[in-house]
Protein chains: 2
Amino acid sequence: MNITESLEKLNDLQAKLSAYGHAMSIIYYDAATVAPRGTAQNRARALSVLSEETYKLSTSEETVSLLEYLDEHRNELSEKETRTVYLALKDIKEMKKIPMDEYIAYQELLVEADDVWHRAKEQSNFNLFCPLLEKIFATNVKFAKYCAPDMEPYNYCLNKYETGLTMEKCDEFFATLKERIVPLIKRIGNAEKTDDSCLFGQFDEASQEKFSYELMRTMGIDLDHCGLGTTEHPFTTSIGSHHDVRITTNYDPSNLSYSMFSVIHEGGHALYDMNSADDLAYTLLDGGVSMGIHESQSRFYENLLGRSEEFINYIFPKMQECFPEQLKNVTADEVYKAINLVTPSLIRTEADEVTYCLHVMIRYELEKAVIGGTLAVKDLPSEWNRLYKEYLGVDVPDDKRGVLQDSHWSGGGIGYFPSYALGSAYGAHLLAKMKETVDVEKCLREGNFAPINEWNREHIWKYGCLKEPAELLEAALGEKFDPTYYTDYLEKKYSRIYSL
Amino acid sequence: MNITESLEKLNDLQAKLSAYGHAMSIIYYDAATVAPRGTAQNRARALSVLSEETYKLSTSEETVSLLEYLDEHRNELSEKETRTVYLALKDIKEMKKIPMDEYIAYQELLVEADDVWHRAKEQSNFNLFCPLLEKIFATNVKFAKYCAPDMEPYNYCLNKYETGLTMEKCDEFFATLKERIVPLIKRIGNAEKTDDSCLFGQFDEASQEKFSYELMRTMGIDLDHCGLGTTEHPFTTSIGSHHDVRITTNYDPSNLSYSMFSVIHEGGHALYDMNSADDLAYTLLDGGVSMGIHESQSRFYENLLGRSEEFINYIFPKMQECFPEQLKNVTADEVYKAINLVTPSLIRTEADEVTYCLHVMIRYELEKAVIGGTLAVKDLPSEWNRLYKEYLGVDVPDDKRGVLQDSHWSGGGIGYFPSYALGSAYGAHLLAKMKETVDVEKCLREGNFAPINEWNREHIWKYGCLKEPAELLEAALGEKFDPTYYTDYLEKKYSRIYSL
């Protein structure tokens, strides 16, 4: 074995993994968009073969010795090669610490949990889901102890979605948000109410779709490499590499803004995924590095840009072209106020910019308490409801609109939620930094996203997974991340809207 | 090695091949329906890995010795197992004769050719596509020589789509058709003209789609396992097994019948594919056995049933429901005459039942001449145009409506076309046989396809690839196939319509 041959083998391995990944992504995408209803079992057979082959390929003795050889010679490798070997070995080492039978049992548990969670949510019956959720939490703790015996289990969970994140950092982060956002919400509550009735009416799917493409083009998304589909829940996925990305939305025929901001949000994910440097394609370093950074981009486009006054002024005439009848007596300012209406509510995915982080904080606190052993899974609903009352002042009428609303826990995604709030706050700091060299307001007024995208490409997107999230962020910011940029932004924007 | 273990290994092998096939089918289906335009190269990389893995799996030493062992013990195997081993070995023996790098290069060529053909057709520019088509023809000849050095290369190509077919049989078959159809076309040309103006107007895509689903339901297609998509060129594909089948159509907003008969045609393919016996799923025996038999089913539903007076009388009120304004002053009889209007034309897929086989015959003669070395690929357009003038009396205005109209050649489907004409003729003979026990006219009048589908299931569909095409056909017919059933059918039907 020599370095050159080994690197060739590493390339072959990545090409294969990328091809299997491509196949599985497109099967999932088809399933979510157009597959006939009765085809799940047929699909499961193919996915099971493809994921088994992927697992074998990633963890075979040949692969491990290849990676270990390269790791021993890392002083002869490029930065990109070193990082690839590091990430691959890290994954394998962890995977190998989990006994195979327990790993398989956990995968089976998640399949069952997904099914049971759907039914439990339908019936608004937490007890149905409780025993499975107990097992999911317990398994996450057990696996954390296998993989990182010296780490707090919840810190291990957080790290899966944002390398370097700890409870300490989260606590400090959420404390800052809470200190500033809770009083802001109170002041907004006492201010004169605004109105969002212009967003409701009849908006046919074909016109909404036309408007979606208008939004994607305005955002500078290359439609030759990014598709748009329709699914129950909006998402973004890469197919094999950053050269083929798909976003999805869901058209609510009575609501203009739901799909609009889904498209802009997913469009932000897509821009990040699509703009990895070209030489990262078909490697393990292609695409976004972490959920926090990903959300910093999606929520940047959705909120910091998409819900800005300048952007709404630019896009409003195009909205009117798509919905001439519905919007004939509406002004841009009314739309701006409507899409920024602040009101404490029950459902995270429908929450406004101000209250959103509190929804996330509640989930963080609950996960931390369960994993820390101070809260039993069976007591999650009552604690959920207590915190919603305390932070948001709302009464949760049932578990469907409470503890059962999100799919994350049934999918094993414990430790995922904080990245939504972190991403929002990262974005505000990045925007402040961007404004030092880019006239963002002018870009938005003119619907010219090129300078904005160029800044993001140069500072975030092109790196793919080359750097750790914290390292990437600090290099882009030129300083340590500071969440007060976010709270300042919220206070300033909403004080103006609500004349506080 | 013992029989039980070997059969288990054979099952594992087929499960893997089915999974890779599933992945490749869904990638192709996505590409044809919704993939962004610029993603062909990205897709080519994944397909190249997947086809390489398929090739390796199918032809590995382990696989060959497994199959040879089972072949030596075929007296201990079931009919199904014996046939599986026979077909797999036959494929491998041929595949092994093709050097792997050439096989992979050919797969990549086809991906590129598909992309280039689309653009060439759009621009009506054969020169753009010509170099790729030359390579496709040359590779087909080269592969034919590798695989069957003692066979005429074009006979080898024909056999890929219809085992046992030869140029000699085709020549005789087409001579019979030509002898009866050319005079029939002449007599129709001299008869009083019928009118198809009721099929033209404005038919919005959403209503056409609604009508498509109505047609699929009427035909007895299980919509839980069969999807409908939109593509430039209608087609049918199975995804992994007969439990997931997709058909596509193309909506011409000015023409009511184009998509209608595409859907019925592809629906016929789908019914055949979806109704393999259940124990054939995920094996090499799943789905249709040959293109000739496949077309016998698709053209059976499209023409023998779909263009019959009884079916049109049944479906017409449903057409009127979908297009109330457009059809308010139209009668079922006008639609029946319109969809059976005979007129020599340019586009095969839009051709009427009578002239259709001449379109096919032209392609057969051109392929035969190119592979026989008497015609250069670059001269295909002029020769195409000459034959259209000679057989159909029409002037071809451009390559888009001429030599570039079909997708078959860009997909490597050389030798495929004759199966369309053969299938049409098989269908007419099968219909005559079916009528001995099924009151087909009554079924069509009532829109009750169940007895028709049941006959086809019992005599054709359920066998999958268990029998050779000729054997299957003769067993269903109870006698040797006779093309004069088809010419008799055409003469009788069109003599009535045109009062000849």
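Calculation notes
- Residues numbered from 1 in each chain as written.
- Chains lettered and ligands numbered in written order.
- Predicted model: local features only at pLDDT ≥ 70, side-chain atom pairs only at ≥ 80, totals over all residues.
- Heavy atoms only, no water.
- Salt bridge = Lys/Arg side-chain N within 4 Å of Asp/Glu carboxyl O.
- Helix = DSSP H or I, 4+ residues; strand = E, 2+ residues; numbered from the N terminus.
- Buried < 20%, exposed > 50% of the residue type's maximum accessible area, 1.4 Å probe, protein only.
- Contact = heavy atoms within 4.5 Å.
- Buried area = accessible area lost by both parts, 1.4 Å probe.
- Pairing = 2+ DSSP bridges.
- Axes fitted to C-alpha atoms, helices over the stretch in contact; angles between N-to-C directions.
- Polar contact = N/O pair within 3.5 Å; in protein donor to acceptor, adjacent residues only side chain to side chain.

(A) A look at the pattern of salt bridges. Under the definition given, this model contains 66 salt bridges over all chains. The partner of R496 of chain A in a salt bridge is E309 of chain A, and the shortest N-O contact between them spans 3.0 Å. Placement of R496 of chain A in helix α20 (residues 484–497) and of E309 of chain A in helix α12 (residues 309–322) is noted, with a sequence separation of 187 residues between them. E309 of chain A sits in the partly exposed class, given a relative accessible area of 22%. A network of salt bridges, in which partner residues are shared, links K16 of chain A together with E52, E53 and K56 of chain B.

(B) Spatial organisation of the interface of chain B and chain A. Across the boundary between the two partners, chain B contributes 38 residues, which contact 38 residues of chain A. Summing both partners gives a buried area of about 2700 Å² for chain B against chain A, and 59% of it is carried by carbon and sulfur. For chain B, the biggest contributors to the area lost against chain A are P36, N42 and Y282 of chain B; these three give 20% of the whole. Inspection of the chain B/chain A interface yields six salt bridges. Here R246 of chain B and D30 of chain A are joined by a salt bridge, their closest N and O atoms 2.7 Å apart.

(C) Structural detail: the sheet that holds strand β3 (residues 241–249) of chain B. All names here are of chain B. The three strands lie next to each other as β1-β3-β2, forming an open sheet whose pairing is mixed. In this open sheet, the two edge strands, each paired with only one partner strand, are β1 (226–230) and β2 (236–239). Neighbour-to-neighbour, the strand axes of this sheet turn through a mean angle of 30 degrees, independent of strand direction. Here β1 pairs with β3 via five bridges, running parallel. Considered in β3, the bridge of G227 is made with R246. Set on the sheet, helix α10 (residues 256–274) makes contact with β1, β2 and β3; between it and β3 the angle comes to about 170 degrees.

(D) The environment of D286 of chain B, seen in detail. All names here are of chain B. Relative to the assigned elements, D286 resides in the loop between α10 and α11 (291–305). Residues D286 and D196, 90 residues apart in the sequence, show an inter-C-alpha distance of 40 Å. When residues no more than four places from it in sequence are discounted, the contact partners of D286 are S241, H242, S276, L280, A281 and C465. A distance of 2.7 Å separates a polar atom in the side chain of D286 from a polar atom in the side chain of H242.

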